[in-house]
Structure formats: C-alpha cells, structure tokens
Amino acid sequence: MELLPPLVIKGKKISLPIIQGGMGVGVSLSPLARAVAREGGVGVVSSACLDRLVSKRSGRKLTTYEAAYEEISLAKASGGAAGMNIMVALVRDYEDSVRGALDAGADFIISGAGLPLNLPAIQQPKETALIPIVSSSRALELICKKWERVGYRPDAVVLEGPLAGGHLGFKIDQIENESNRLENLLPPVKDMALKYGGTTVIVAGGIYTHADIVRFLEMGADGVQMGTRFLATEESSASIEYKQAVVKAGKEDIIVAHKPGSPCGLPFRVIKQSPMYVSALDRRRPPKCDKGYVLLKDEEGKFTRCPAKESNENCFCICNGLLSSAGYNSDKEEPLYTVGTNAYRIDKIIPVKNLMDELTGRVLAPTT
Ligand SMILES: Cc1cc2nc3c(=O)[nH]c(=O)nc-3n(C[C@H](O)[C@H](O)[C@H](O)COP(=O)(O)O)c2cc1C
Ligand code: SF4
C-alpha cells in the first residue's frame with residue numbers, strides 16, 4: 001500500500017487527495033461532508049433543493065441562500081475542508097447558492113452539469129477555490145477563456161469520465177467510445193490545464209479502490225473525486241431503501257436513462273428498478289410541476305420551462321424522483337436512484353471512517 005500525497009488547491013493543503021463528490025438531491029449533505037472532512041478528505045454538500053431539505057430538517061423556512069450558508073457552516077464545524085457542489089442546470093437557484101456558500105466560507109465551489117461560465121463573476125470568491133467540472137479539454141478551454149475576461153483562472157478542474165453517477169457530460173452514443181475513457185481523457189485535459197497556468201486536475205468516474213487512486217495519481221492526476229462509494233455510507237443522507245437498492249444492484253441493473261431521461265437533457269445513470277424510472281417507462285406518472293428546480297427561462301424571462309412539465313413521453317420529473325430518494329415526500333412521489341457504474345460492487349453500508357481507511361490504504365479492503 002502506498003501513502004497518498006496531500007492535495008494543494010489555492011494554497012490550502014488537504015491531507016488526502018480524495019474529494020467526496022457532491023451528490024444531489026439530498027445525498028451529500030452536511031453529515032456526510034463533515035465526516036469526510038474530519039477524515040482528511042474534502043467533504044462536499046450538494047446544493048440541489050437545499051432550501052426544502054434544510055427547512056424540513058430544521059423546522060424553519062429557509063431561503064436557498066440561507067440553506068447553503070447553514071450547510072457549509074455545519075460541514076466545516078468539525079474541522080477539515082468542505083465545499084459545495086452547485087449544478088449549472090439548477091439555473092434559478094444558482095447564484096443564491098454560490099453567494100450562500102461563499103459567505104459561509106466554503107473552501108471549494110465545484111460546479112458542473114453545464115458549463116459554469118459565469119461563476120467567478122457572481123461574487124469575489126476570496127479564499128474559496130472555484131473548480132469547474134468538465135468532460136473534455138475543449139470544455140476546459142472554453143471556461144478558461146471566459147474566466148480570463150474577469151481575470152480569474154480555475155483553481156482546479158474536475159475531469160469526470162463516462163462511468164460516473166448522476167448526469168453525464170457525453171452524448172448518449174459517445175459514452176462507450178474508447179476515446180472517452182477517463183484514462184484517455186486525462187492527457188489532453190492535463191495539457192490544457194498546463195496551458196492555463198498548471199491548474200490542478202482531479203479525476204472522477206469509476207474510481208473505486210486504493211489501487212485505482214494510486215493508478216490515476218501515477219498517470220498525472222493530482223487527486224480523485226468519488227461519489228458512488230460515499231453514497232452507501234452510514235453518514236450519507238440517501239434513504240435506507242436507496243442504500244439497500246445499491247447493495248442489491250447487479251451489473252446489468254445499472255443503465256443510462258435516456259427517453260425517458262432527465263429533463264436537463266443529459267444522459268443520467270440509474271438503477272433500472274428505481275420505482276420512478278419503472279413508472280416513467282410506462283408513462284404512468286402524469287406530468288406535474290410543483291418543485292421547479294430545473295426550470296429554464298421563457299421568452300419573457302420567467303422560469304416556466306421544463307420538458308417534464310408538459311409531457312411524460314421523454315422525461316421523468318427529476319426534482320420529485322430525487323427528493324423522494326432522500327426521504328422527502330416519499331409517501332407521495334416514487335424515488336429515482338442514480339448511481340455510478342461501479343455501484344454493483346458495493347455489498348455493504350459502512351461508516352465513512354472505514355471507507356477512508358480502505359481508500360487511503362491504512363487498512364486492507366475486505367475480500368468478499
Ligand atoms: C447519487 C449521486 C448523485 C450525484 N449528484 C451530483 C450532483 O448533484 N452534482 C454533480 O456535479 N455531480 C453529481 N454526481 C457525480 C459525483 O459527484 C461524482 O463526480 C461521480 O459520481 C464520480 O463517479 P463515481 O460515482 O464512479 O465515483 C452524483 C453522483 C451520484 C452517485
Ligand atoms: S416538471 Fe418536475 S423536473 Fe421539471 S422543474 Fe417541475 S418539478 Fe422539476
């Protein structure tokens with residue numbers, strides 16, 4: 001077992017080069033992020049639907065800004081580094097989430113599911129590192145060029161390959177391309193990062209063991225971001241049914257949903273037995289929009305447009321499906337379980353401490 005080197009971003013030294021990926025809706029909240037930060041990694045809260053989730057937990061009505069502020073404060077309460085994942089696709093709440101996280105002193109803002117072209121222009125980030133998520137060197141270049149106009153460079157970049165959970169930054173027919181394997185995407189992204197000042201590169205998607213981490217560090221990555229392994233920890237806020245579905249899932253149960261798929265227009269990886277997905281295949285749930293997190297603006301500049309609002313032909317109602325998976329309104333809406341490709345390898349729900357011991361190589365992984 002090799003010792004893992006620390007990760008340095010914007011002058012901040014993180015003991016371990018392991019970022020726990022943001023997992024919305026309501027999977028990576030402050031309990032998970034705090035536990036990871038305490039173990040020397042980076043804990044990341046997902047900003048998705050936080051106003052509802054934190055209002056329900058605290059019993060008082062919070063705005064998006066207040067909920068983001070509160071979650072970052074809680075995530076940092078036991079020490080270590082914590083940040084917020086803010087998806088570009090959540091257009092309506094994007095800027096309020098960024099401001100709340102910045103004002104609460106987040107160590108990192110990590111932003112993908114679209115290109116975060118305006119992130120550094122929203123508010124002076126001060127000590128907070130701004131980190132875009134990309135799936136190609138071209139996307140990184142576009143971001144660097146746009147950010148240069150406001151005199152900012154990404155403090156690091158997350159390169160997410162096609163094996164990840166959640167939304168994928170690839171066209172449906174390109175997911176399996178050899179050229180899109182994470183190993184093959186890394187060299188051009190490293191080159192682009194060097195062109196723009198040597199930005200730190202974090203890789204994500206399908207990384208599962210200590211050996212995987214060591215392999216990617218040897219290939220030139222500075223750190224890794226991992227989602228699925230943290231989903232099935234005791235500290236994650238996924239419902240127990242969700243965690244059990246992960247433990248039960250076989251390789252062939254994990255598919256990329258597309259028609260019906262996410263109204264955000266990106267391929268979305270799910271467990272095919274997820275109740276909302278099964279209903280969506282039969283077009284059983286009538287369209288109904290009562291959450292509105294992924295609404296886009298109409299011609300008058302009002303947030304009214306979502307493909308899942310008018311028709312259930314091609315899209316499921318992702319807001320309600322994912323909220324239900326985190327135990328919100330689960331008596332009214334069916335859950336939708338998103339996972340990474342490797343979720344079938346998980347056979348137990350374990351505490352973050354045990355997982356981090358295994359990932360760092362402090363303890364050998366149990367053989368099954
Ligand atoms: C349950 C789940 C929810 C996720 N939600 C988000 C999200 O809200 N925003 C985001 O940028 N990435 C999201 N992701 C992607 C992760 O942050 C991470 O980059 C990815 O899962 C890494 O691949 P892995 O799961 O194979 O480790 C999600 C992943 C999972 C498994
Ligand atoms: S239709 Fe559903 S997925 Fe679309 S914005 Fe409304 S609540 Fe969200």
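Structure: see above.
The shown structure was predicted, so the numbers you read here are calculated from the model rather than taken from an experiment. (Residues numbered from 1 in each chain as written. Chains lettered and ligands numbered in written order. Predicted model: local features only at pLDDT ≥ 70, side-chain atom pairs only at ≥ 80, totals over all residues. Heavy atoms only, no water.)

Spatially, the three strands line up as an open sheet ordered β9-β13-β12, and their pairing is antiparallel. The open sheet is flanked by β9 (166–167) and β12 (254–257), the only strands paired with a single partner. Judged from the four bridges that link them, β12 and strand β13 (residues 268–271) form a sheet pairing that is antiparallel. Across the sheet, I255 pairs through a bridge with V270, a residue of β13. (Pairing = 2+ DSSP bridges. Helix = DSSP H or I, 4+ residues; strand = E, 2+ residues; numbered from the N terminus.)

Close contact between helix α2 (residues 50–58) and helix α3 (residues 64–75) brings their axes to 8 Å; oriented N to C, the two are set at 65°. Taken together, the axes of α2 and α3 are roughly perpendicular relative to one another. The way α2 lies across α3 gives a crossing that is left-handed. The segment α2 lies against α3, with L50, D51, V54, R57 and S58 engaging T64, A67, A68, E70, E71 and L74. Along the lines of polarity and charge, the residues of the contact of α2 with α3 split into five nonpolar, two polar and four charged. (Axes fitted to C-alpha atoms, helices over the stretch in contact; angles between N-to-C directions. Parallel < 35°, antiparallel > 145°, perpendicular 65-115°, else oblique. Left-handed = near helix turned anticlockwise from the far one by under 90°. Contact = heavy atoms within 4.5 Å. Nonpolar A, V, L, I, M, F, W, Y, C, P; charged D, E, K, R; others polar.)

Moving on, we come to the nonpolar core. Ranked by internal contacts, the top residues of the largest apolar core, which has 106 residues, are I18, V203, I213, F230, V246, F316 and L336. If you tally residues by element for this core, the top one is helix α7 (residues 182–195), at six residues. Once residues lying within four places of it in the same chain are set aside, the contact partners of I18 are L4, G41, V42, I213, V224, M226, F230, M356, L359 and T360. In terms of nonpolar packing, the next biggest core, distinct from the first, is built from 16 residues, I14, I133, A156 and A204 among them. (Core = buried A, V, L, I, M, F, W, Y, C linked by side-chain atoms within 4.5 Å. Buried < 20%, exposed > 50% of the residue type's maximum accessible area, 1.4 Å probe, protein only.)

Another aspect to go through is the environment of G41. Mapped onto the fold, G41 is located in the loop between α1 (30–38) and β4 (42–46). Taking the relative accessible area as the measure of exposure, G41 reaches 1% and is therefore buried. A sequence separation of 215 residues divides G41 from V256, and the C-alpha atoms of the two residues are 29 Å apart. Ignoring sequence-local partners within four residues, the contact set of G41 consists of I14, L16, I18, V36, A81 and M356.

The environment of ligand 1 is formed by 22 residues, the closest being E160, G206, Q225, G227 and T228. Here an oxygen atom of ligand 1 and a side-chain polar atom of N85 are 2.9 Å apart. Here an oxygen atom of ligand 1 and a backbone polar atom of G227 are 2.8 Å apart. Within the complex, the protein chains bury 97% of what would otherwise be the 600 Å² of accessible surface of ligand 1. (Near = heavy atom within 4 Å. Polar contact = N/O pair within 3.5 Å; in protein donor to acceptor, adjacent residues only side chain to side chain. Areas by Shrake-Rupley, 256 points an atom, 1.4 Å probe, with all protein chains shown as cover.)

We now examine the packing of α1 against α3. Closest axis-to-axis distance for the α1/α3 pair is 8 Å, and the angle between their directions is 30°. Like other packed secondary-structure pairs, α1 and α3 cross with a definite hand, here right-handed. Across the interface between the two elements, S30, A33, R34 and A37 from α1 touch E71, L74 and A75 from α3. In the contact of α1 with α3, the residues fall into four nonpolar, one polar and two charged.

Scanning the model with the defined rule gives five aromatic pairs in all. By way of ring pairs, the aromatic residues F268, Y277 and F316 are connected into one cluster. Here the basic side chain of R92 rests over the ring of Y293, its NZ or CZ set 5.3 Å away from the ring centre. Its guanidinium or amino end placed over the ring of Y208, R229 lies 4.1 Å from that ring's centre, counting from NZ or CZ. (Phe/Tyr/Trp six-rings, centres within 6.5 Å; stacked < 30°, edge-to-face > 60°. Lys NZ or Arg CZ within 6 Å of the ring centre and 35° of its normal.)

Our next topic: the pairing of strand β6 (residues 108–111). Neither face of β6 is left uncovered, since the one carrying F108 and I110 and the one carrying I109 and S111 both have all their residues buried. Two elements, strand β5 (residues 81–85) and β6, share three bridges in a ladder whose sense is parallel. The residue bridging G83 from the neighbouring strand is F108, located in β6. Taken together, β5, helix α4 (residues 94–103) and β6 constitute a β-α-β crossover, and its handedness is right-handed. Of the pairings in the sheet, the one linking β6 to strand β7 (residues 129–134) comprises four bridges and is parallel in character. Within β7, the residue paired with I110 across the bridge is I131. (Right-handed = clockwise from strand over helix to strand, strands pointing away.)

Below, the discussion takes up the site of ligand 2. Surrounding ligand 2, one finds C289, D290, K291, G292, V294, L295, C306, A308, K309, C317, I318 and C319. Among the secondary structure elements, those contributing two or more residues to the shell around ligand 2 are α12 (307–310) and α13 (318–325). Of the residues belonging to the shell around ligand 2, the class tally is eight nonpolar, one polar and three charged.

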